[in-house]
Amino acid sequence: MAEALARTHDLAAGYGRTPAIEGITFEVDTGQRIALLGPNGGGKTTLLRVLLGELRSMRGTVEVRGRAATVPQTERSRLDFPVSALEVALMGALPRLPWWRRPTHADREAALAALDRVGVADRAHDTFGDLSGGQRQRVLIARGLVQDAQLLLLDEPFSGLDMTAARGLEALIGELASEERGILIATHDLSQARRWDAVLCLNKRQIAFGEPDQILDREVLEETYAGAIVEIPGSDRVGVLPAHHH
(Lines give C-alpha, C1' and ligand atoms only; values in the text may rest on other atoms or scores of the structure.)
Protein backbone atom coordinates (compact mmCIF):
# COMPACT_ATOMS: atom_id res chain seq x y z
CA MET A 1 0.00 0.00 0.00
CA ALA A 2 1.37 3.43 -0.95
CA GLU A 3 2.39 5.74 1.88
CA ALA A 4 2.77 9.50 1.75
CA LEU A 5 6.42 10.56 1.66
CA ALA A 6 5.57 14.26 1.58
CA ARG A 7 2.35 16.17 2.19
CA THR A 8 1.46 19.86 2.24
CA HIS A 9 -1.77 21.64 3.16
CA ASP A 10 -2.48 25.26 2.23
CA LEU A 11 1.27 25.86 2.11
CA ALA A 12 2.66 29.35 1.57
CA ALA A 13 6.36 30.14 1.40
CA GLY A 14 8.66 32.85 0.10
CA TYR A 15 11.68 35.05 0.64
CA GLY A 16 10.44 37.93 2.77
CA ARG A 17 6.98 39.04 3.73
CA THR A 18 5.34 38.26 0.39
CA PRO A 19 4.74 34.58 -0.46
CA ALA A 20 6.32 33.28 -3.66
CA ILE A 21 3.84 30.38 -3.59
CA GLU A 22 0.59 29.86 -1.73
CA GLY A 23 -2.37 27.53 -1.46
CA ILE A 24 -0.29 24.39 -2.13
CA THR A 25 -2.07 21.19 -1.08
CA PHE A 26 -0.75 17.90 -2.46
CA GLU A 27 1.12 14.75 -1.52
CA VAL A 28 3.78 12.45 -2.96
CA ASP A 29 3.31 8.74 -2.27
CA THR A 30 5.77 5.87 -2.47
CA GLY A 31 6.11 4.61 -6.02
CA GLN A 32 4.65 7.80 -7.46
CA ARG A 33 6.08 10.04 -10.21
CA ILE A 34 4.67 13.56 -10.09
CA ALA A 35 5.30 16.23 -12.71
CA LEU A 36 5.66 19.78 -11.42
CA LEU A 37 4.50 22.09 -14.21
CA GLY A 38 4.78 25.85 -14.24
CA PRO A 39 6.49 28.81 -15.89
CA ASN A 40 9.91 30.11 -14.92
CA GLY A 41 9.43 32.22 -11.81
CA GLY A 42 6.22 30.38 -10.99
CA GLY A 43 7.52 28.90 -7.75
CA LYS A 44 8.73 25.40 -8.66
CA THR A 45 12.17 25.88 -7.10
CA THR A 46 10.63 27.49 -4.02
CA LEU A 47 8.47 24.41 -3.45
CA LEU A 48 11.46 22.09 -3.87
CA ARG A 49 13.40 24.13 -1.28
CA VAL A 50 10.54 23.84 1.20
CA LEU A 51 10.40 20.06 0.77
CA LEU A 52 14.18 19.89 1.31
CA GLY A 53 13.87 21.86 4.53
CA GLU A 54 15.93 24.77 3.17
CA LEU A 55 13.02 27.20 3.34
CA ARG A 56 10.43 27.48 6.11
CA SER A 57 6.73 27.78 5.42
CA MET A 58 4.99 31.10 6.07
CA ARG A 59 1.69 29.40 6.74
CA GLY A 60 0.06 26.04 6.23
CA THR A 61 1.76 22.72 6.89
CA VAL A 62 4.41 20.56 5.29
CA GLU A 63 5.37 17.03 6.32
CA VAL A 64 8.25 15.01 4.84
CA ARG A 65 8.85 11.43 5.90
CA GLY A 66 12.39 10.11 5.53
CA ARG A 67 15.17 11.74 3.55
CA ALA A 68 14.70 14.00 0.55
CA ALA A 69 17.42 14.79 -1.97
CA THR A 70 17.54 17.25 -4.83
CA VAL A 71 18.90 16.51 -8.29
CA PRO A 72 19.81 19.89 -9.84
CA GLN A 73 20.07 20.73 -13.52
CA THR A 74 23.44 19.62 -14.83
CA GLU A 75 23.62 22.89 -16.77
CA ARG A 76 24.02 24.66 -13.42
CA SER A 77 26.82 22.37 -12.24
CA ARG A 78 30.46 23.38 -12.27
CA LEU A 79 31.86 21.43 -15.20
CA ASP A 80 35.39 22.84 -14.99
CA PHE A 81 36.07 21.49 -11.51
CA PRO A 82 38.38 18.42 -11.64
CA VAL A 83 36.20 15.96 -9.77
CA SER A 84 35.34 12.41 -10.81
CA ALA A 85 31.88 10.90 -11.17
CA LEU A 86 32.62 8.74 -8.11
CA GLU A 87 33.56 11.80 -6.04
CA VAL A 88 30.33 13.55 -7.03
CA ALA A 89 28.28 10.50 -6.01
CA LEU A 90 30.27 10.25 -2.77
CA MET A 91 29.17 13.78 -1.88
CA GLY A 92 25.84 12.20 -0.98
CA ALA A 93 27.47 10.76 2.14
CA LEU A 94 28.65 14.15 3.44
CA PRO A 95 25.38 15.45 5.01
CA ARG A 96 25.34 12.63 7.56
CA LEU A 97 29.06 12.88 8.49
CA PRO A 98 30.64 15.17 11.11
CA TRP A 99 32.57 18.01 9.46
CA TRP A 100 35.89 16.52 10.56
CA ARG A 101 35.25 12.99 9.28
CA ARG A 102 36.13 11.79 5.80
CA PRO A 103 33.89 9.32 3.91
CA THR A 104 34.64 5.72 4.82
CA HIS A 105 35.32 2.68 2.66
CA ALA A 106 31.67 1.72 3.16
CA ASP A 107 30.59 5.13 1.88
CA ARG A 108 32.80 4.65 -1.18
CA GLU A 109 31.28 1.24 -1.82
CA ALA A 110 27.79 2.73 -1.50
CA ALA A 111 28.71 5.38 -4.07
CA LEU A 112 30.03 2.75 -6.49
CA ALA A 113 26.84 0.71 -6.00
CA ALA A 114 24.72 3.80 -6.68
CA LEU A 115 26.63 4.52 -9.91
CA ASP A 116 26.08 0.92 -10.92
CA ARG A 117 22.37 1.21 -10.11
CA VAL A 118 21.96 4.17 -12.47
CA GLY A 119 24.07 2.58 -15.21
CA VAL A 120 27.30 4.59 -15.16
CA ALA A 121 29.63 2.45 -13.04
CA ASP A 122 32.02 2.24 -15.99
CA ARG A 123 32.48 6.03 -15.86
CA ALA A 124 33.18 6.20 -12.11
CA HIS A 125 36.72 7.54 -12.50
CA ASP A 126 36.01 9.86 -15.42
CA THR A 127 35.93 13.60 -14.83
CA PHE A 128 32.35 14.71 -14.21
CA GLY A 129 32.60 17.59 -16.67
CA ASP A 130 33.68 15.25 -19.47
CA LEU A 131 30.52 13.15 -19.25
CA SER A 132 27.50 13.63 -21.51
CA GLY A 133 24.47 15.48 -20.19
CA GLY A 134 22.57 12.25 -19.64
CA GLN A 135 25.49 10.65 -17.81
CA ARG A 136 25.93 13.68 -15.56
CA GLN A 137 22.23 13.55 -14.68
CA ARG A 138 22.57 9.89 -13.72
CA VAL A 139 25.59 10.67 -11.52
CA LEU A 140 23.58 13.35 -9.70
CA ILE A 141 20.76 10.86 -9.16
CA ALA A 142 23.35 8.41 -7.79
CA ARG A 143 24.39 11.11 -5.30
CA GLY A 144 20.78 11.20 -4.08
CA LEU A 145 20.74 7.41 -3.73
CA VAL A 146 23.90 7.57 -1.59
CA GLN A 147 21.94 9.88 0.71
CA ASP A 148 19.44 7.01 0.99
CA ALA A 149 16.73 9.41 -0.09
CA GLN A 150 13.20 8.08 -0.42
CA LEU A 151 12.01 11.32 -1.99
CA LEU A 152 13.90 12.53 -5.07
CA LEU A 153 13.32 16.10 -6.26
CA LEU A 154 14.45 16.50 -9.88
CA ASP A 155 14.82 20.07 -11.17
CA GLU A 156 14.27 19.94 -14.95
CA PRO A 157 16.39 16.79 -15.35
CA PHE A 158 15.72 16.47 -19.09
CA SER A 159 17.02 19.93 -19.96
CA GLY A 160 19.66 19.70 -22.69
CA LEU A 161 19.36 15.93 -23.18
CA ASP A 162 19.01 14.33 -26.61
CA MET A 163 16.11 11.96 -27.29
CA THR A 164 18.06 8.78 -26.52
CA ALA A 165 19.37 10.09 -23.20
CA ALA A 166 15.92 11.43 -22.28
CA ARG A 167 14.27 8.07 -22.94
CA GLY A 168 16.91 6.30 -20.85
CA LEU A 169 16.45 8.75 -17.98
CA GLU A 170 12.67 8.40 -18.11
CA ALA A 171 13.05 4.61 -17.88
CA LEU A 172 15.41 4.99 -14.90
CA ILE A 173 12.92 7.25 -13.12
CA GLY A 174 10.27 4.56 -13.60
CA GLU A 175 12.59 1.92 -12.13
CA LEU A 176 13.43 4.07 -9.11
CA ALA A 177 9.73 4.70 -8.48
CA SER A 178 9.08 0.95 -8.62
CA GLU A 179 11.53 0.63 -5.70
CA GLU A 180 9.06 2.57 -3.51
CA ARG A 181 10.62 5.99 -3.96
CA GLY A 182 8.58 9.10 -4.60
CA ILE A 183 9.82 11.33 -7.40
CA LEU A 184 8.85 14.94 -8.10
CA ILE A 185 9.98 16.14 -11.52
CA ALA A 186 10.00 19.86 -12.35
CA THR A 187 9.53 20.10 -16.11
CA HIS A 188 8.20 22.17 -19.01
CA ASP A 189 7.49 19.09 -21.15
CA LEU A 190 3.73 18.67 -21.27
CA SER A 191 3.72 15.46 -23.32
CA GLN A 192 6.11 13.90 -20.82
CA ALA A 193 4.04 15.11 -17.86
CA ARG A 194 1.05 13.25 -19.28
CA ARG A 195 2.99 9.98 -18.78
CA TRP A 196 3.60 10.47 -15.07
CA ASP A 197 1.22 9.35 -12.32
CA ALA A 198 0.11 12.83 -11.26
CA VAL A 199 0.68 16.48 -12.09
CA LEU A 200 0.94 19.55 -9.88
CA CYS A 201 0.36 22.77 -11.84
CA LEU A 202 1.81 25.85 -10.20
CA ASN A 203 1.98 29.55 -11.03
CA LYS A 204 2.67 31.32 -7.73
CA ARG A 205 -0.35 29.42 -6.43
CA GLN A 206 -1.66 25.92 -6.97
CA ILE A 207 -3.69 25.73 -10.17
CA ALA A 208 -4.50 22.02 -10.09
CA PHE A 209 -3.30 18.67 -8.75
CA GLY A 210 -4.37 15.22 -9.89
CA GLU A 211 -4.04 12.61 -12.61
CA PRO A 212 -2.87 14.05 -15.94
CA ASP A 213 -5.88 12.91 -17.97
CA GLN A 214 -8.24 14.54 -15.48
CA ILE A 215 -6.63 17.96 -15.02
CA LEU A 216 -4.50 18.84 -18.06
CA ASP A 217 -7.16 20.68 -20.03
CA ARG A 218 -7.00 24.04 -21.82
CA GLU A 219 -8.33 26.05 -18.88
CA VAL A 220 -5.74 24.67 -16.43
CA LEU A 221 -2.89 25.16 -18.91
CA GLU A 222 -3.93 28.75 -19.63
CA GLU A 223 -3.94 29.53 -15.91
CA THR A 224 -0.60 27.78 -15.42
CA TYR A 225 1.21 29.35 -18.37
CA ALA A 226 -0.60 32.69 -18.59
CA GLY A 227 -2.23 31.85 -21.91
CA ALA A 228 0.86 30.61 -23.79
CA ILE A 229 -1.11 27.85 -25.52
CA VAL A 230 -0.45 26.33 -28.94
CA GLU A 231 -2.44 23.79 -30.89
CA ILE A 232 -0.68 20.52 -31.74
CA PRO A 233 -1.18 19.82 -35.46
CA GLY A 234 -3.03 16.58 -36.16
CA SER A 235 -4.07 16.20 -32.52
CA ASP A 236 -6.97 17.18 -30.32
CA ARG A 237 -4.50 18.19 -27.60
CA VAL A 238 -2.78 21.48 -26.88
CA GLY A 239 0.76 22.29 -25.83
CA VAL A 240 2.41 25.19 -24.08
CA LEU A 241 5.21 27.59 -24.86
CA PRO A 242 6.91 28.39 -21.53
CA ALA A 243 7.28 32.08 -20.76
CA HIS A 244 11.04 32.13 -21.38
CA HIS A 245 10.42 31.26 -25.05
CA HIS A 246 8.63 34.56 -25.70
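For the structure itself, consult the block above.
Owing to the predicted nature of the structure, the values given are computational and were not obtained by experimental measurement.

The rules we used
- Residues numbered from 1 in each chain as written.
- Predicted model: local features only at pLDDT ≥ 70, side-chain atom pairs only at ≥ 80, totals over all residues.
- Heavy atoms only, no water.
- Helix = DSSP H or I, 4+ residues; strand = E, 2+ residues; numbered from the N terminus.
- Polar contact = N/O pair within 3.5 Å; in protein donor to acceptor, adjacent residues only side chain to side chain.
- Contact = heavy atoms within 4.5 Å.
- Buried < 20%, exposed > 50% of the residue type's maximum accessible area, 1.4 Å probe, protein only.
- Pairing = 2+ DSSP bridges.
- Axes fitted to C-alpha atoms, helices over the stretch in contact; angles between N-to-C directions.
- Phe/Tyr/Trp six-rings, centres within 6.5 Å; stacked < 30°, edge-to-face > 60°.

**A closer look at the side chain of E170**
Then step 1. Turning to its location among the elements, E170 is positioned in helix α5 (residues 163-178).
Then step 2. A distance of 2.8 Å separates a polar atom in the side chain of E170 from a polar atom in the side chain of R195.
Then step 3. E170 has contacts with F158, Q192, R195 and W196, leaving out every residue within four places of it along the chain.

**Remarks on unusual backbone geometry**
Then step 1. Backbone geometry places D10, a non-glycine residue, at a positive phi of 50°.
Then step 2. Position of D10 relative to the elements: it lies in strand β1 (residues 4-14).
Then step 3. The class of D10 is partly exposed, set by a relative accessible area of 38%.
Then step 4. Positive phi, normally seen in glycine, also occurs at E180, with a value near 70°.
Then step 5. With respect to the helices, strands and loops of the structure, E180 is situated in the loop between α5 and β7 (182-187).

**What about the sheet that holds β7?**
Then step 1. Spatially, six strands are ordered β5-β6-β7-β3-β8-β9 in an open sheet, and the strand pairing comes out mixed. Strand pairing shows two members of the sheet lacking a second neighbour, β5 (68-71) and β9 (206-210), which therefore form its edges. Here the strands of the sheet are splayed against their neighbours by 15° on average, with no regard to which way each runs.
Then step 2. When β5 meets strand β6 (residues 151-155), the two strands line up parallel, connected through four bridges. Looking across to β6, one finds that V71 is bridged to L154.

**What to know about the sheet that holds β1**
Then step 1. Pairing in this open sheet of three strands is antiparallel, and the strands run β2-β1-β4 from one edge to the other. The two strands at the open ends of the sheet, each matched to only one other strand, are β2 (19-29) and β4 (59-64). Looking at each pair of strands side by side, their axes are set apart by 15° on average, direction ignored.
Then step 2. Examined bridge by bridge, β1 and β4 share five bridges and lie antiparallel to one another. Following the sheet pairing, R7 is matched in β4 by E63.

**Here's the deal with the packing of aromatic side chains**
Ring pairs (aromatic) are described by centroid distance and by the angle formed between their planes.
Then step 1. Under the criterion given, the structure shown has one aromatic pair.
Then step 2. Ring geometry for F26 versus F209: centroids 5.7 Å apart, planes at 75°, classification edge-to-face. Taken as a pair, F26 in strand β2 and F209 in strand β9 lie far apart in primary sequence, 183 residues in all.
Then step 3. Judged by its relative accessible area of 4%, F26 falls in the buried class.

**Notes on the side chain of R181**
Then step 1. Mapped onto the elements, R181 comes out in the loop between α5 and β7.
Then step 2. R181 gets classed as buried once you look at its relative accessible area, which sits at 17%.
Then step 3. At a separation of 2.5 Å, a polar atom in the side chain of R181 contacts the side chain of E179.
Then step 4. The contacts of R181, once residues within four sequence positions are left out, are L5, D29, T30, G31, Q32, L145, A149, Q150, L152 and L176.

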